[in-house]
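Each chain is listed here by its residues.
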Amino acid sequence: MKKLETSLCQINYSESLENLAEATVSLLDQKIKEFKLFFDISNNEQITVNYFDNVEEFREFIYSIRGEKDSLPKYAEGTYDNGMVNAYINPEFQLEKLYTSSHELFHILYMKYILNNDYSKRIVWYDEGMAQLMSGEKDSLTDDAFKEFYFNVREKTKIIPQMNSLDHGKSFINEDYNGYDLSYLCIRYLSETLSDIQFKNLMSDFSKIRQLGDDIIHKMFSYYDEKFENRIAKKYNLSVDELKNE
Ligand SMILES: [Zn+2]
């Protein structure tokens, strides 16, 4: 493994992943500052990232940390065991995986500073939705790109799950829905409808998150359905009422 290091992060990587390692240093130097503000972290700790270009090597590394092989889902290509970002990366598409580091880093800091390392407090849809929003991985979904993403997810959601019942494993990604996409949409809906301070305070109010999770998916779908209907109405210079009468 090769190594790149700044005061904020240390990247250990297979030689073929050098481009990604360099891009990760720039991304994390920015994201670590952002996350420290969001979580009110004042201490300085260096974040470690381990990038493997071989999936077996990645899995063996995780098995050795965990001391068992059962809890790592087959689809997992990134974890945050031992407070480190650990990932398998196909060198051919390495730059597409840049945001794995900031995504996993969100999980690490949320677990350490908000959940106080109590895994039983983790509400999966909330944590996964927040990691996707805060990592920057979906920042390109603005305006029409987001609208297209939304309609695509809505079309592919055959069964609407209860968000609080989502857990990693078969109930997270299956033929009926994609738990990552739905979690992201629910968190994005909250970020658009809550004030900044409400949004920030929510992260440590676990009973409120569970309460929201009971029906948030229906509220989210109604909110975006209406939002995009309104946009269509605006485009043609008609009010929603006029459209409904047609
Ligand atoms: Zn995640």
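What counts and what doesn't
Residues numbered from 1 in each chain as written. Predicted model: local features only at pLDDT ≥ 70, side-chain atom pairs only at ≥ 80, totals over all residues. Pairing = 2+ DSSP bridges. Helix = DSSP H or I, 4+ residues; strand = E, 2+ residues; numbered from the N terminus. Contact = placed C-beta atoms within 7 Å. Axes fitted to C-alpha atoms, helices over the stretch in contact; angles between N-to-C directions. Domains from an automatic or database assignment. Nonpolar A, V, L, I, M, F, W, Y, C, P; charged D, E, K, R; others polar. Core = buried A, V, L, I, M, F, W, Y, C linked by C-beta atoms within 7 Å. Buried ≥ 20, exposed ≤ 12 C-beta atoms within 10 Å, placed from the backbone. Expected span 1.5 Å × (residues − 1). pLDDT = per-residue confidence, 0-100. Bend = angle between axes of the 7 residues up to and from the residue. Parallel < 35°, antiparallel > 145°, perpendicular 65-115°, else oblique. Left-handed = near helix turned anticlockwise from the far one by under 90°.

Strand order across the open sheet formed by 5 strands is β1-β2-β3-β5-β4, with mixed pairing between neighbours. The sheet is open, and its two borders are formed by β1 (2-5) and β4 (78-79), each paired with just one other strand. As defined by bridge partners, β1 adjoins strand β2 (residues 9-13) across 4 bridges and the pair is classed as antiparallel. Within β2, the position partnered with Glu 5 by the bridge is Gln 10. Contacts between helix α3 (residues 100-114) and the sheet are confined to β3 (47-52), β4 and β5 (85-88), with β5 contributing the most and set at about 140° to the helix.

A word on the domain arrangement of the chain. Domain boundaries in the chain define domain 1 (1-117) and domain 2 (123-246). For domain 1 versus domain 2, the separation of C-alpha centres amounts to 26 Å. Ranked by the residues each element gives to the side of domain 1 that touches domain 2, the list is headed by α3, at 6 residues. Residues that form the side of domain 1 that touches domain 2 fall into these classes: 7 nonpolar, 3 polar and no charged.

The next thing to look at is the nonpolar core. Counting 50 residues, the largest nonpolar core has Tyr 51, Phe 106, Met 130 and Cys 186 as the members making the most contacts within it. A per-element tally of this core places helix α6 (residues 179-193) first, with 7 residues. There are two domains that each give this core at least three residues, and those are domain 1 (1-117) and domain 2 (123-246). Once residues within four sequence positions are removed from consideration, Cys 186 is found in contact with Trp 125, Gly 129, Met 163, Ile 216, Ile 217 and Met 220.

Turning next to helix α2 (residues 55-66). With 12 residues, α2 should cover 16 Å at 1.5 Å per step; its first-to-last C-alpha distance of 17 Å lies within 8% of that length. Of the residues trailing α2, Gly 67 is marked for its positive phi of about 70°.

Now for the pairing of β5. Alternating positions in β5 separate into two faces, Val 85 and Ala 87 on one and Asn 86 and Tyr 88 on the other, with burial throughout. Linking β4 to β5, which pair antiparallel, is a turn of 5 residues; within it Asn 82 sits at a positive phi near 55°.

Averaged over every residue, the pLDDT of the chain is 92; residues scoring 70 or more account for 93%. Taking the mean pLDDT of every element in the chain, the minimum, 53, falls on helix α10 (residues 240-245) and the maximum, 98, on α6.

With respect to the helices and strands, Phe 35 occurs in helix α1 (residues 18-38). Separated by 100 residues in sequence, Phe 35 and Ser 135 place their C-alpha atoms 9.4 Å apart. Filtering out sequence-adjacent residues up to four positions away, Phe 35 remains in contact with Leu 105, Phe 106 and Leu 109.

This part takes up α1. Side chains of residues three or four places apart in an α-helix project in the same direction, reflecting 3.6 residues per turn. Here α1 spans 30 Å end to end across 21 residues, near enough to the 30 Å set by a 1.5 Å rise per residue. The largest bend in α1 amounts to roughly 25° and is located at Leu 28. Looking at α1, one finds that the buried residues are Leu 20, Ala 21, Thr 24, Leu 28, Lys 31, Ile 32 and Phe 35. At the exit of α1 stands Asp 40, carrying a positive phi of roughly 55°.

On to unusual backbone geometry. Backbone geometry places Asp 40, a non-glycine residue, at a positive phi of 55°. The topology assignment puts Asp 40 in the loop between α1 and β3. Note on Asp 40: 8 C-beta atoms within 10 Å, which makes it exposed. Look at Asp 143: it is not a glycine, yet its phi comes out positive at around 40°. Along the chain, the position of Asp 143 falls in helix α5 (residues 143-156). Look at Asp 143 and you get exposed, because 8 C-beta atoms sit within 10 Å.

Another point: the environment of Cys 186. On the secondary structure map, Cys 186 appears in helix α6. Each C-alpha atom, one on Cys 186 and one on Gly 129, is 7.1 Å from the other, the two residues being 57 residues apart in sequence.

Before going further, it helps to spend a moment on the packing of α1 against α3. Between α1 and α3, the least distance of the axes is 10 Å, while the angle of their chain directions is 30°. In terms of axis orientation, α1 runs roughly parallel to α3. Seen from above, α1 lies across α3 with right-handed handedness. From α1, Thr 24, Leu 27, Leu 28, Lys 31 and Phe 35 reach across to α3, where they touch Ser 101, Ser 102, Leu 105, Phe 106 and Leu 109.

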